[in-house]
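What follows is the residue order along each chain.
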2 protein chains.
Amino acid sequence: MGDYLRAAVIGLGSRGCGLLTTIHSIHDLKIVAVCDIMEDRLQKGIKILNDLGDTPDGYLDYRRIIDRGDIDLVYVITNWITHWEICIDFMKAGIYTAAEVCGATSLDECWELVHTYERTGTPMMLLENCCYGRTELAALNMLRQGLFGRVVYTECGYCHDLRSHICDMTHARCNQNFMRNGDLYPTHGALPMGKLLNINRGNRFVSIASMSTPAYGVQDYLQRNQPDHPLADARCKQYACGDVTTSILKCAGGELMMIRHNIALPRPYSRANLVQGTQGVLSEDCKGVHLDGVHKHEEWEPLEEVYKKYDHPLWQNYDPSANDGHGGMDYLVMDAFAEAARTKTLPPIDVYDAATYMAITTLSEDSVAMGGMPQAFPDFTRGKWTMKRPLCPTKYNLDTDEVF
Amino acid sequence: MGDYLRAAVIGLGSRGCGLLTTIHSIHDLKIVAVCDIMEDRLQKGIKILNDLGDTPDGYLDYRRIIDRGDIDLVYVITNWITHWEICIDFMKAGIYTAAEVCGATSLDECWELVHTYERTGTPMMLLENCCYGRTELAALNMLRQGLFGRVVYTECGYCHDLRSHICDMTHARCNQNFMRNGDLYPTHGALPMGKLLNINRGNRFVSIASMSTPAYGVQDYLQRNQPDHPLADARCKQYACGDVTTSILKCAGGELMMIRHNIALPRPYSRANLVQGTQGVLSEDCKGVHLDGVHKHEEWEPLEEVYKKYDHPLWQNYDPSANDGHGGMDYLVMDAFAEAARTKTLPPIDVYDAATYMAITTLSEDSVAMGGMPQAFPDFTRGKWTMKRPLCPTKYNLDTDEVF
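Summarised in this report is the structure supplied together with it. (Residues numbered from 1 in each chain as written. Chains lettered and ligands numbered in written order. Predicted model: local features only at pLDDT ≥ 70, side-chain atom pairs only at ≥ 80, totals over all residues. Heavy atoms only, no water.)

## Things to note about helix α5 (residues 107-120) of chain A
Residues and elements named next belong to chain A.
- Along its 14 residues, α5 runs 20 Å from first to last C-alpha, staying within 8% of the 20 Å computed at 1.5 Å per residue.
- Glu109, Cys110, Leu113, Val114, Thr116 and Tyr117 are the residues of α5 that are buried. Here the buried residues of α5 occupy an arc of 160° about the axis, which is enough to place them on one side. Residues Asp108 and Arg119 are exposed on α5 and point more than 90 degrees away from its buried face.
- Count one or two residues on from α5 and you reach Gly121, which has phi positive near 70°. (Helix = DSSP H or I, 4+ residues; strand = E, 2+ residues; numbered from the N terminus. Expected span 1.5 Å × (residues − 1). Buried < 20%, exposed > 50% of the residue type's maximum accessible area, 1.4 Å probe, protein only. Arc of directions from axis to C-beta.)

## As for the pairing of strand β5 (residues 96-99) of chain A
All names here are of chain A.
- The side-chain alternation of β5 yields two buried faces, one formed by Tyr96 and Ala98 and the other by Thr97 and Ala99.
- In terms of strand pairing, strand β4 (residues 73-76) meets β5 through 4 bridges, oriented parallel. Each residue of the ladder has a partner; that of Val76, found in β5, is Ala99.
- Taking the sense of rotation as the criterion, the β-α-β connection linking β4, helix α4 (residues 83-92) and β5 turns out right-handed.
- Bridge analysis of β5 against strand β6 (residues 124-126) gives 3 bridges, and the strand direction is parallel. Counterpart to Ala99 in the pairing with β6 is Leu126. (Pairing = 2+ DSSP bridges. Right-handed = clockwise from strand over helix to strand, strands pointing away.)

## Describing the pattern of salt bridges
- Applying the stated criterion across every chain yields a total of 58 salt bridges over all chains.
- For the salt bridge of Arg68 of chain A with Asp57 of chain A, the shortest nitrogen-to-oxygen distance reads 2.6 Å. Taken together, the residues span a long stretch of sequence, with Arg68 of chain A in helix α3 (residues 62-68) and Asp57 of chain A in strand β3 (residues 57-59) at a distance of 11 residues.
- It is possible to trace a salt-bridge network through shared partners that takes in Asp161, Arg163, Asp220 and Arg224 of chain A together with Asp292 of chain B. (Salt bridge = Lys/Arg side-chain N within 4 Å of Asp/Glu carboxyl O.)

## Looking at unusual backbone geometry
All names here are of chain A.
- Although it is not a glycine, Arg382 sits at a positive phi angle of roughly 45°.
- In this fold, Arg382 is placed in the segment after β15 (375-376).
- Overall, Arg382 belongs to the partly exposed group, its relative accessible area being 44%.

Structural data, given as structure tokens:
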């Protein structure tokens, strides 16, 4: 490594291009290579960086970036289906690898990630920005201080009206929602709540049961708003993915996590986080915290007050307006990965986490297909969750080994 | 029937005594007989009514009330285990019978209620007060007006910090939570949401999957607050019932209902109702309504504003302060039953509803015991849910037959 990290960005769709400015803002890091299989997207990405004063090389084939031999770290922001094979190629080349979030299509691809890490020793990180959300980090901070007592129950979800994306046939989500039925996008809720439950470090998911509603939301929307859209025709095959998929995950310690994938009906956004312990509760939707013996009967202390007392160190004195993207979460997660590459240490969301949380998708599809039958959850750590393992040593660490 | 309805009240524990004033306030109804197997409770109930100017006869054996031959209707407010045998005896005697809510211990007792109704023709009602809650009725009113579009998803629950009841060894809930693991009290959430989903009239529950957390809440509470309580001892057997039981119910129309039984951890009260359709959503915890094309992006219209526009007729011009008990719901449900007896018509929550919603408890226990395995839900109507059936003709009706 020279004076700065040499970064590559693969995938320049709306999310990839949107993140260029955020990644560019990371200190001592330069985006030296960008890639997309579509020429127009590639040029758009290059132009964004040119306007910021950078002159990256552009590639249509990501393998040519590996061939350069000078890349320190790569951000893979392609569609959900291609993340894994691209990540694996970079890991084999010894390049610190990060992937945007998605769900797996098979347990096999999750295992292949794990195997590749264990063979190559190349750290891999899943870029789950919501782990660095202000509310999620305040909850983590309060939990680590013992304020919730023993946490036995969590709720979460991705409750986001994405009907305009789902019906856009050029959007990856359209294709996926049309063909698959299950929780296709579990990590925004599950990963932050899983960190609170010490998943893969003293705890693990042991089973999952999922059910889905029918899919009525998008067709109803199209019939009212885009009656000429092919899927507005009631004779057309409809989306496979139910408007809402609800899953219950059971942990080795007995705790439960309930997750919703809720993206095809009109509603304000929420990740609907709920953390309940023997001595307190935090609820995103109730917008407050209640601690036993601290707050009055039936009192929710508003989150705005909670932040003042319990903001995670990462959010104390942090001005998210300085870093665009989802209120500051994007910067934190992108820098968390850069910091791991910079210090040549373990990232805060590692390959075992990536395999575990992505697996929720394929397991939920299986459970939905079997009428809600619980599915056994693989232990991607193969027993290492029962032992102390090295922690991410940077300020971005989300874990503790005090659970053993 | 004479100038007034002649009512009996069986069960004079805290709930029974608490309801005497409410039942007494119903027009053209007189409580002429009260019963409890415990003499001190019986005397307490009689005194409450004496103070209100009534002089009921008191009984230690409810069968003697049946022997009187002059009772028009009976409110059964005993513990959860004895409701059913008492109800069945009154139904066999041709007396309009209502039971306070609880869960079933077996499918057999649910079937016996149904069989008794079908053999005797005596109407039976479950006194689910939350069906008459202001929010629940506003949701029903909006749904019937089509404002939510097609409803595909609901959430609900009984989220109520009852640790002080659960650890009180004289309280029925202590015994039940100590021995059973599942959703022991499902109807406050499930029945109002089920009415919105047209359960037993054009729809039915087809399966249920449940999981439970461990039980840590009560012991943690006792160790901090009542260290001399026998159950504060960590060597003591603990409660069987998990602190939270979460269930997903699948409907014949594909819709889902997610329910929590959440009574052993500190938190403010909520029934956590959520109604999601293709054109709108109501959320109790987000305290608002969002209608597609009506409200701005990300806007929740506060429930207080929603009530002004969409209060159910029962709540328009209704002053709940005039009738004690859970903000007015108790009066409405008690009068709903009296109105059925008065008009000799079907009650709004009938024997099929009673059997269906009580069955959630025993089915959730089975599912929890089997690791979340979905359980088939019996059709207590034996097919009549697919046909139009007579509606409750009074203002308290909660159903529609327009779903066929």
